[in-house]
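Architecture and fold: a report
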Amino acid sequence: TRRPTFRACLMENSAYDRSCDEPPNYEETSFSDGTHRAIRHSVVSAFGHDTLDRVPNIDFYRNAGSVSGNRAVRPSLHELHHVFKQNGEISVPNMAEDGDSSHWALPGDLESVLPQDNNVFVRFGWIKGVLVRCMLNIWGVMLFIRLSWVFGQAGWGLGIVVIVLSCVVTTTTGLSMSAICTNGVVRGGGAYYLISRSLGPEFGGSIGLIFAFANAVAVAMYVVGFAETVFDLLKENNAIILDQTNDIRIIGCITVVLLLGISVAGMEWEAKAQIVLLIILLVAIVNVFVGTVIPATPEKRSKGFFNYDAKVFMENFTPDFREENFFSVFAIFFPAATGILAGANISGDLKDPQAAIPKGTLLAIFITGITYLGVALCVSATVVRDATGNINNTIAAGMNIVCNGSYAAACENGWDFSSCAVTKCSFGSMNNFQVMTMVSGFGPLITAGTFSATLSSALASLVSAPKVFQALCQDNIYTALKFFAKGHGKNNEPIRGYVLTFIIAVAFILIANLNVIAPIISNFFLASYALINFSCFHASYAKSPGWRPAYKYYNMWLSLFGAVLCCAVMFVINWWAALITYAIEIFLYVYVTVKKPNVNWGSSTQAVTFVSAVNNALTLTGVEDHVKNFRPQCLVLTGAPKNRPALLDLAHCFTKNYGLCLTCEVFVKTRTVTDLNAGMEKNQMWLNKKKRKAFYSAVVCDNFRQGAESLLQVSGLGRLRPNILMMGFKKNWRTVDYADVQSYTGVLHDAFDFEYGTVLLRMTQGLDVAHIIKAQEEFERGVQEQKDLEKEQLKEENKGKSIFRKSRKSSQQHLTPTVSVMAPQSRQAVTVNDRLMSINTQFQRKQGQGTIDVWWLFDDGGLTLLLPYILTTRKKFKDCKMRIFIAGQPGRTEQDKEEMKSLLVKFRIKCAEIHVIDDFNQKPSSYNWKVFEDMIEPFRLHEGSKSTTNAEALRKENTWKISDAELDTFEEKTNLQVRLNELLQENSRAANLIVVSMPIARLGSVSDYLYMAWLDILTKNLPPTILIRGNHKSVLTFYS
């Protein structure tokens, strides 16, 4: 039983049912995008207590706006974790802030269309939607006018190989397609949808466009085939309109208009038309089989038809290629096997695409394959290759003729066709394309079957092209084609796509000869098959946990074999058409890759990229570091990346695309983990947008040093770990609290302890431009809001006429409050801000001719020399020459210079000049020393003027101050920093960039303020200056 106090709390909380007998429920809330969270009551827990937790439910896994059901939003981990306050009262967070909403699909994504009532759609089952369409598309004109010729050329032995090889290609593709279809919900778009969701928008976008175009041109090809058959009938009956070419154009255009009318009328009418055409086609096929058993008339015998005869069958076994070969015959037949995607292309109009596409497609391949084999073998067993058609070429009874050679079967049946060896005959399977009409029981039925085959294929292509094209346009991969994404009517018919397909079809019909274009169409289809097979292989190879197809009868290596086979067949059919196809695919692939559409479909390409990255990172762990392979890998304490552009740009110049760059931010007790995660994604997107090859990372800690220490210790992965810490100089160190200064110098000490190379950037005007960026963003936001408000007011003004004036006036009054746009800054402030932004973005611009002055004073392993050399290899610094400054002893300047020159030659590092400075030991000027003393005066202890007791007490109370003893101990080092600044002012004042060896303060010996004073006086009043200290491990070598 529950405690009374708990029940009372439940009754007082509005998020719970007042009866206390029911668990809590979610209130309905609206989101900015117009979507709603459905009220979904919590279940009574099976564990005996009330809970916000939910039992597993399919609605939690739907996409936003799913067409198959409303999406429910489960409570977030944050809501479950923080539901009870510390005082025991229950506090349910506002469910509108559910973090899950951030993962909703992007606008325009096909999976995220607005919910619609499923009852108004016309949906097809697997028979009418897939099986019938695929069979009609596969049974083309080839069945009636080319199949007998193929078996005449290749013989039925190799003819079977031709059909089986074609079926192998289509079957492997069908198996791969079945696996992909059953690995999640399938939407409209057919082959494009399958490929794009598996391999990503680059492959999907390229193949989707050419596949839609191929289907549009296929309409013209099938219609021209139909028109040619009609023209032959007109010719037989002396009813030619103009001439062959123009008659084909006229008949073709009229036909495609009628087909367009059927398609636009809706999928339901198109499906009914397909059923009628299927019946005609089936009757025509049966008519062929019936004709083979009807006794042959003398006229048919003279044309080579002898009913079933074993000798005829055996004579037709061997090939008899005439101006052809196996591959050319295969190329002519293979288009007859295409059409297996006819069902998948209307996947959006199927009741259950996951079940319908595999079942219907594979069964269609089996039925049509058996039909092709059956018809071909029947013709091979009844028709000889050559016949004269002359009824008088019979062998008279009693004539003693030895029957042998190519015409033995006809000879033994009493016919002499030996004259065909001398002059070309017009009949027989090798010479007459109308063999099926002759063999059939009733010839006109074959003509009707030819009409049915051509029109059904044309109709299927006319429907497929707009559907695929619409799906492609809805994904907005090609923004210029967005116009064609709109659908009309209850079935979301792509009327605009139909019109475009009609225009393309008519354009090619007017050519009236598609013999050259037909191979390209076949290659486009084969390219789709190859990518479907490769998609299945790729997804299996990636071994992503999300690859869980319900269809198990596939094999990744079989899919790869199918992809290779499709590519090979493309070249067999027509090598130049294959090259054109690949060229178009590559061009479109590159275009989509460059445009980078804003979609994320969880493709296998992403999965393989991840696997490759992990494997490469693991491989690197087994390789020891070598000085020749050293490259800068920077951990950059930029804060938000956009706030310190100079620091980020310089780090980017060091790493470019060849090294690791981590931009890091430390939040000091000011952010929650939720804010941190949101900032991570936002800042990473900003880096990607600015084309900075860098990662963003952030931590929340009690102080800056603790956060930086965490980053220094755990950043990176395996060998992909940063080896350089980059920071900006703390310009305000004299005005902030000591804790901040101690934290800053502590980070430098930690970097030395963790053996990081350390890089410090100082720019006289400072590095942080966050206040300027914030002001710009607020101003731009205000301007945009003002524009939106004006648009809204304009809409209200345009509504209705005088009858609505009153309501418009009130509406305007409601919209009138102006947006708080930032007041314009003074001209002086704008000038200062512009100058500051210009200085801090100078590394984004190409540097003019000048110098990079490198003061390599201490040997730190070579990092002080390597980093400026890397800069000179970048485009932005290519006009800058490097000058080297080194410390030398008086009297041996030339010798020191030659030694350094020799070393640089061995390192293969070019420099314009080498300067040896031999007067470092001179004392700095009194003015500069006074500047330094004034700098440290507020932080000095001055215990020397006190008694011993008082001095000791002062030291204990102010341990952080600079003592006189400390100044005496490090007097020479302090003098060096002041003197070095004088030399820098003297020699490098005009340099584009100065690089100086960073001084190191001994931990526990040098106070924080003295160390900051060294760094400050060393870099004071100079051009952009970088202080560098390597980790004293070699990063340069002169060995090969």
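Residues numbered from 1 in each chain as written. Predicted model: local features only at pLDDT ≥ 70, side-chain atom pairs only at ≥ 80, totals over all residues. Heavy atoms only, no water.

Here's the deal with the overall build of the protein chain
In plain terms, the rule: Counting from the N terminus, the helices are DSSP H or I runs at least four residues long and the strands are E runs at least two residues long. When accessible area is computed with a 1.4 Å probe and restricted to protein chains, residues below 20% of their type maximum are described as buried, those above 50% as exposed, and intermediate ones as partly exposed. In this analysis, two residues are considered to be in contact whenever any of their non-hydrogen atoms come within 4.5 Å of each other. All accessible-area figures derive from a Shrake-Rupley calculation using a 1.4 Å probe, and residue coverage is judged against the displayed protein chains alone.
Of regular secondary structure, the protein chain possesses 35 helices and 10 strands. Relative to its full complement of 1040 residues, the protein chain shows a buried share of 50%. Contacts in the protein chain between residues far apart in sequence, at least 24 positions, make up 79% of those at least 6 positions apart. Entry remark: accessible area of the protein chain is about 50600 Å², with carbon and sulfur atoms responsible for 57%.

Overview of the state of the cysteines
As a reminder, the rule being used: Sulfur atoms of two cysteines make up a disulfide when they are within 2.5 Å.
Overall, the coordinates contain one disulfide when judged by the stated rule. Covalent S-S linkage joins Cys420 and Cys425, the inter-sulfur distance amounting to 1.8 Å. For the disulfide bridge between Cys420 and Cys425, the dihedral angle about the S-S bond is near -105°, and by the sign convention the bridge is left-handed. In this structure Cys420 comes out as buried when scored by relative accessible area, which is 10%.

Here's the deal with the environment of Gly159
Mapping Gly159 onto the fold places it in helix α5 (residues 147–181). For Gly159, a relative accessible area of 0% puts it in the buried group. Considering only alpha carbons, one finds Gly159 and Leu373, 214 residues apart in sequence, at a separation of 8.7 Å. Gly159 has contacts with Phe151 and Ala154, leaving out every residue within four places of it along the chain.

Details of the pattern of salt bridges
Pairs can form between side chains of opposite charge once their charged atoms are near each other. For clarity, the threshold we go by: The term salt bridge refers to a side-chain nitrogen of Lys or Arg lying within 4 Å of a carboxyl oxygen of Asp or Glu.
Enumeration according to the criterion identifies 21 salt bridges in this entry. Note that Arg883 and Asp853 form a salt bridge whose closest N and O atoms lie 2.7 Å from each other. Of the two residues, Arg883 is situated in strand β7 (residues 880–887) and Asp853 in strand β6 (residues 850–855); the sequence distance between them amounts to 30 residues. The pair formed by Arg883 and Asp853 is uniform in burial state, with each residue classed as buried. Through salt bridges with shared partners, a single network forms among Asp320, Arg322 and Asp386.

Describing the side chain of Gln633
Note the following rule: Polar contact criterion, stated in full: a pair of N or O atoms within 3.5 Å, where within protein one must be able to donate a hydrogen and the other to accept it, and residues adjacent in sequence count only if both atoms are side-chain atoms.
Inspection of the secondary structure puts Gln633 in the loop between α21 (604–621) and β1 (634–637). What makes Gln633 buried here is its relative accessible area of 10%. Here Leu660 takes part through its backbone nitrogen, which lies 3.3 Å from a polar atom of the side chain of Gln633. Polar side-chain contacts of Gln633 include one of 3.4 Å to the backbone oxygen of Arg721. Sequence-distant contacts of Gln633, defined by excluding residues within four places in its chain, comprise Gly659, Leu660, Arg719, Leu720, Arg721, Pro722, Asn723 and Ile724.

Re the sheet that holds β6
Quick reminder of the rule: In short, DSSP must find at least two bridges between two strands for them to pair. Each axis is a line fitted through C-alpha atoms, and for a helix only the stretch in contact is used; angles between axes span 0 to 180 degrees, taken between their N-to-C directions.
The strand order across the open sheet formed by 10 strands is β3-β2-β1-β4-β5-β10-β9-β6-β7-β8, and the pairing between neighbours is mixed. Each end of this open sheet is capped by a strand with a single partner; those strands are β3 (695–701) and β8 (913–917). Averaged over neighbouring strand pairs, the angle between their axes works out to 20° when direction is ignored.

Digging into the nonpolar core
Put simply, the rule reads: Residues grouped as a nonpolar core are buried Ala, Val, Leu, Ile, Met, Phe, Trp, Tyr and Cys residues, joined through side-chain atoms within 4.5 Å.
Core analysis: the largest hydrophobic core is formed by 133 residues, its most contacted members being Phe144, Leu147, Phe333, Leu341, Tyr372 and Leu526. Looking at this core element by element, the count peaks at 16 residues for helix α7 (residues 201–236). Those residues in contact with Leu341, other than ones at most four positions away along the chain, are Met177, Ala191, Phe211, Ser528, Tyr529 and Ile532.

Some thoughts on the packing of helix α8 (residues 244–264) against helix α17 (residues 495–509)
Applied cut-off: Each angle is binned into one of four classes, with values under 35 degrees roughly parallel, values over 145 roughly antiparallel, values of 65 to 115 roughly perpendicular, and all other values oblique. Should the near helix be turned anticlockwise from the far one by less than a right angle, the crossing is left-handed, and should it be turned clockwise, the crossing is right-handed.
The contact between α8 and α17 brings their axes to 10 Å, and the two run at 165°. Here α8 is positioned roughly antiparallel relative to α17, judged by the angle of their axes. Our pair here, α8 against α17, has a crossing hand that is right-handed. Of the residues in α17, those in contact with Ile248, Arg249, Gly252, Cys253, Val256, Val257, Leu260, Ser263 and Val264 of α8 are Ile495, Tyr498, Phe502, Ala505, Val506 and Ile509.

Some words on the packing of aromatic side chains
Operational definition: Between rings of Phe, Tyr and Trp, where Trp is taken as its six-membered ring, a pair exists when centres lie within 6.5 Å; planes separated by under 30 degrees are stacked, by over 60 edge-to-face, and by other angles tilted. Criterion for a charge above a ring: Arg CZ or Lys NZ at most 6 Å from the ring centre, at most 35 degrees from the ring normal.
In the structure shown here, the tally under the stated rule is 33 aromatic pairs. When the ring of Phe333 is compared with that of Tyr372, the centres are 5.4 Å apart and the planes differ by 80°; the resulting orientation is edge-to-face. Within this pair, whereas Phe333 is found in helix α12 (residues 326–333), its partner Tyr372 is found in helix α13 (residues 353–380), the two being separated by 39 residues in sequence. A residue is classified by how much of its surface remains accessible, and Phe333, at 2% relative accessible area, is buried. For the pair Trp855 and Phe885, a centre-to-centre distance of 4.3 Å together with 5° between the ring planes defines the contact as stacked. Of this pair, Trp855 sits in strand β6 while Phe885 is found in strand β7, placing the two residues 30 residues apart along the sequence. Taken individually, Trp855 and Phe885 each receive the classification buried, so the pair is uniform in this respect. Members of the aromatic cluster, joined through ring pairs, are Trp733, Tyr738, Phe939, Trp960 and Tyr1009. A cation over a ring is seen here: Arg133 above Phe124, with NZ or CZ 5.6 Å from the ring centre.

Quick look at the confidence of the model for the protein chain
Here is the rule we go by: Confidence of the predictor in every single residue is expressed as pLDDT, which spans 0 to 100.
Predicted confidence across the protein chain gives a mean pLDDT of 81, with 84% of residues reaching 70 or more. Here residues 84–120 is a poorly scored stretch, pLDDT under 50, and it has 82 contacts once near neighbours within four places are set aside; other chains count.

Focus: the pairing of β6
Burial analysis of β6 places five of its six residues in the buried class, which makes it a mostly covered element. Two strands pair when backbone bridges link them, and β6 and β7 are joined in this way by six bridges, in the parallel orientation. Residue pairing across strands places Trp855 opposite Phe885, the latter belonging to β7. Pairing analysis gives four bridges linking β6 to strand β9 (residues 993–997), with the strands arranged parallel. Bridging from a neighbouring strand, Trp855 pairs with Val996 of β9.

With respect to unusual backbone geometry
Even without a glycine there, the phi angle at Asn307 is positive, about 60°. Here Asn307 is to be found in the loop between α10 (298–302) and α11 (310–315). Phi at Arg908 is positive, roughly 60°, even though this residue is not glycine. Under the relative-accessibility criterion, Arg908 is labelled exposed at 54%.

Structural notes on a nonpolar patch on the surface
Threshold: For patch detection, residues must exceed 30% relative accessible area and be free of salt bridges, and they are connected within 9 Å for like charges or within 5 Å for nonpolar side chains (Val, Leu, Ile, Met, Phe, Trp, Tyr).
A contiguous nonpolar surface patch, about 490 Å² in accessible area, is contributed by Ile241, Leu242, Ile250, Ile254 and Leu258. Position of Ile250 relative to the elements: it lies in helix α8.

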